[in-house]
Amino acid sequence: MENTRRRLRSGTVVLGGVGLLAAALTACSSEPDKRCVDRGSYNLAKGYKIVSDKNCRTTKAAVNADWYYGGKKKGSWVNGGSFTKPRKSSGGSSTGGSAGDHDGVHRGGFGGGHHSSGG
């Protein structure tokens, strides 16, 4: 009886840990890596100077601050990112075509649609 109870508790701990890990990974991937930087501080070797986040949250900042996404941080500098916020990925891969291309899945039965060769 005690052995069964011990097994149930350890299974609950494992399942709880997996759920906690999944929640942490989801939370981390939902928001892109961003830092508040001074746009006027660009240095070719270092990139942009990181400043306090409050500079990006107000219009009365002492510096010309903006959010900088991605990049690699070295000390109080960041380089290799972009001022453009990345769009959320839908999880699929792109074939490089425009929104009007229909080269993916074809539906419609016997030869229907604009790719029909007639007959």
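The structure displayed is predicted, hence computed values, not measured ones. (Residues numbered from 1 in each chain as written. Predicted model: local features only at pLDDT ≥ 70, side-chain atom pairs only at ≥ 80, totals over all residues. Heavy atoms only, no water.)

1. Points about the state of the cysteines
Note the cut-off: When the sulfur atoms of two cysteines come within 2.5 Å, that pair is taken as a disulfide. Numbering of helices and strands runs from the N terminus; a helix is a DSSP stretch of H or I covering at least four residues, while a strand is a stretch of E covering at least two.
Taken as a whole, this structure holds one disulfide when the rule is applied. There is a disulfide in this structure between C36 and C56, and the S-S distance comes to 2.0 Å. Between C36 and C56, the disulfide has an S-S torsion of 95 degrees and is therefore right-handed. In this pair, C36 sits in strand β1 (residues 34–43) while C56 sits in helix α2 (residues 54–57), placing the two residues 20 residues apart along the sequence.

2. Describing the packing of aromatic side chains
Between two aromatic rings, the relevant description is the distance of the centres plus the angle of the planes. Selection criterion: What counts as a ring pair is set by centres within 6.5 Å for rings of Phe, Tyr and Trp (its six-membered ring), and what kind of pair is set by the plane angle: stacked under 30 degrees, edge-to-face over 60, tilted for all other angles. Only protein chains enter the area calculation, which uses a 1.4 Å probe; residues under 20% of their type maximum are buried, those over 50% are exposed, and those in between are partly exposed. Only when the NZ atom of a Lys or the CZ atom of an Arg is both within 6 Å of the ring centre and within 35 degrees of the ring normal do we say a charge sits over the ring.
Evaluation of the coordinates by the stated rule reveals four aromatic pairs. Between Y42 and Y48 the ring centres are 4.9 Å apart and the planes differ by 50 degrees, which places this aromatic pair in the tilted class. Taking the relative accessible area as the measure of exposure, Y42 reaches 43% and is therefore partly exposed. Both rings, one in Y48 and one in Y68, keep their centres 5.3 Å apart while their planes meet at 50 degrees; by these two values the pair is tilted. Separated by 20 residues along the polypeptide, Y48 in strand β2 (residues 47–50) and Y68 in strand β3 (residues 65–74) bring together distant segments of the chain. Through a chain of ring-to-ring contacts, the aromatic side chains of Y42, Y48, Y68 and F83 assemble into a single cluster. Seen from the ring of W67, K34 lies directly overhead, with NZ or CZ sitting 4.3 Å from the centre. The aromatic ring of F83 is capped on one face by R39, whose charged end is 3.7 Å from the ring centroid.

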